[in-house]
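# Breakdown of the fold
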Amino acid sequence: MNAAEVRALVEGGLEGCEVIVEGGEGRYEVTVIGDVFEGMKAVRKQQLVYGTLNAAIADGRVHAVTIRTFTPDQWTDRA
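## Focus on the overall build of the protein chain
Counting its regular elements, the protein chain contains 3 helices and 3 strands. Mapped from its N terminus to its C terminus, the protein chain presents α and β elements in the order α-β-β-α-β-α. Computed over the C-alpha atoms, the radius of gyration of the protein chain is 12 Å, within 12% of the 12 Å expected from 2.2 N^0.38 for a compact globule of 79 residues. Structurally, the protein chain occupies a C-alpha span of about 35 × 20 × 20 Å along its principal axes. Burial status across the protein chain gives 34% buried among its 79 residues. Taking the contacts inside the protein chain whose residues are at least 6 apart along the sequence as the reference set, 53% of them involve residues at least 24 apart. Accessible surface, the protein chain as shown: approximately 4800 Å² in total, 47% of it carbon and sulfur. Here the protein chain holds 8 positive side-chain charges and 12 negative ones, and the gap between their average locations is 6 Å.

## Let's talk about the nonpolar core
Within the largest apolar cluster, 17 residues are counted, with the highest numbers of intra-cluster contacts made by V6, V10, L14, V30, V32 and V49. Elements represented by at least two residues in this core include exactly α1 (3-13), β1 (18-24), β2 (27-33), α2 (42-58) and β3 (64-70). L14 has contacts with V32, F37, L48, V49 and T52, leaving out every residue within four places of it along the chain.

## A short note on the packing of aromatic side chains
On inspection of all chains with the given rule, the structure shows 1 aromatic pair. Judged by centre distance (5.2 Å) and plane angle (65 degrees), the ring pair of F70 and W75 falls under edge-to-face. Against the face of W75 rests R78, its NZ or CZ located 3.5 Å from the ring centre.

## A closer look at a negative patch on the surface
A contiguous patch of negative charge, built from D35, E38, D73 and D77, is present on the exposed surface. Inspection of the secondary structure assignment puts D35 in the loop between β2 and α2.

## Overview of the sheet that holds β1
Spatially, the 3 strands line up as an open sheet ordered β1-β2-β3, and their pairing is mixed. Across the chains shown, the open sheet's two edge strands, defined by having one partner strand only, are β1 and β3. Between one strand axis and the next, the sheet turns through 10 degrees on average, direction left out of account. Pairing of β1 with β2 involves 7 bridges; the strand directions are antiparallel. Each bridged residue has a counterpart across the sheet, and for G24 the counterpart in β2 is R27. In the packing of α1 onto the sheet, contacts are made with β1 and β2, and the angle to β1 comes to roughly 150 degrees. Sitting on the sheet, α2 touches β2 and β3, and the angle it makes with β3 is about 130 degrees.

Scoring rules and cut-offs
- Residues numbered from 1 in each chain as written.
- Predicted model: local features only at pLDDT ≥ 70, side-chain atom pairs only at ≥ 80, totals over all residues.
- Heavy atoms only, no water.
- Helix = DSSP H or I, 4+ residues; strand = E, 2+ residues; numbered from the N terminus.
- Rg over C-alpha atoms; globule rule 2.2 N^0.38 Å.
- Buried < 20%, exposed > 50% of the residue type's maximum accessible area, 1.4 Å probe, protein only.
- Contact = heavy atoms within 4.5 Å.
- Areas by Shrake-Rupley, 256 points an atom, 1.4 Å probe, with all protein chains shown as cover.
- Lys, Arg positive; Asp, Glu negative; His and termini not counted.
- Charge placed at Lys NZ, Arg CZ, Asp CG, Glu CD.
- Core = buried A, V, L, I, M, F, W, Y, C linked by side-chain atoms within 4.5 Å.
- Phe/Tyr/Trp six-rings, centres within 6.5 Å; stacked < 30°, edge-to-face > 60°.
- Lys NZ or Arg CZ within 6 Å of the ring centre and 35° of its normal.
- Patch = residues over 30% accessible without salt bridge, like charges linked within 9 Å, V, L, I, M, F, W, Y side chains within 5 Å.
- Salt bridge = Lys/Arg side-chain N within 4 Å of Asp/Glu carboxyl O.
- Pairing = 2+ DSSP bridges.
- Axes fitted to C-alpha atoms, helices over the stretch in contact; angles between N-to-C directions.

Have a look at this one:
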């Protein structure tokens, strides 16, 4: 599985989000920006993203993931 395939999984599960994936060989850093995260606690945000990757994690295509989540405002203000 490559970064583009990971991105497609996350985008498919979290419509309307911008997804940036870096890495390869089963290890990925996934950044997701979307309004869906507004008002959510960190654990719930992580659960949403992991939910899109569960099958790939279960079958070993993905074995390490770092997830960062932002609302659009947080993404703009991060610098």
